[in-house]
Amino acid sequence: MGTEERQELICINCPVGCRLTVIKDDSSDSGYRIYGNMCPRGVEYGIKESTNPTRIVTSTVKIKGAFLKRLPVKTDGAIPKGLNFKCMEEINRVVVEAPVKIGQVIIENVLDIGIDVVATRSMGRVRDFESN
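Everything quoted here is computed from the prediction, not taken from an experiment. (Residues numbered from 1 in each chain as written. Predicted model: local features only at pLDDT ≥ 70, side-chain atom pairs only at ≥ 80, totals over all residues. Heavy atoms only, no water.)

A.B. asks: I'd like a description of the pattern of salt bridges, backed by residues and values.
C.D. replies: The tally for this structure, following the rule as stated, stands at four salt bridges. As a salt-bridge pair, Lys24 and Asp26 come within 3.3 Å of each other at their nearest N and O atoms. With relative accessibility at 31%, the residue Lys24 sits in the partly exposed group. Assessed through its relative accessible area of 67%, Asp26 is described here as exposed. Measuring nitrogen to oxygen at the nearest pair gives 2.7 Å for the salt bridge that ties Arg55 to Glu49. (Salt bridge = Lys/Arg side-chain N within 4 Å of Asp/Glu carboxyl O. Buried < 20%, exposed > 50% of the residue type's maximum accessible area, 1.4 Å probe, protein only.)

Dropping the structure here:
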């Protein structure tokens, strides 16, 4: 009898937070058996997390000429978990100029993976606030 590849996870697809057990099983259609899920999304999450984990990266960038010193940003899609630190290095190099609109692309095609880094809030220029 061979060793069983087993992983314990907490599903983050909804607020329930099911405790999943993911077992590698070449005899199943998906290649995995999933236990502990209360909905089909848990199965999908367990398989994806075991084979190719991805994350949305959230952070801030420096902004000039704005009321605040940092602008919140995020990737507009999930990136491979192994690229998180490289993505953060790219984000940390950026300085933008106000004004910025929510959803505006801050870094196009970060790391050449087809995902953009976008602003998650609008931010006007300081002089626009001072004139009111």
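More follows now that the structure is in view.
A.B. asks: Could you give an account of unusual backbone geometry, naming the residues involved and the relevant values?
C.D. replies: The residue after Ala98, namely Pro99, is reached through a cis peptide bond having omega 5 degrees. With phi around 50 degrees, Asn109 is a residue other than glycine that occupies positive phi space. If you trace the backbone, Asn109 turns up in the loop between β9 (105-107) and β10 (117-119). Residue classification places Asn109 among the partly exposed residues on the basis of a relative accessible area of 31%. Backbone geometry at Asp112 places phi at a positive 55 degrees, although glycine is not the residue there. Its place among the elements puts Asp112 in the loop between β9 and β10. (Helix = DSSP H or I, 4+ residues; strand = E, 2+ residues; numbered from the N terminus.)

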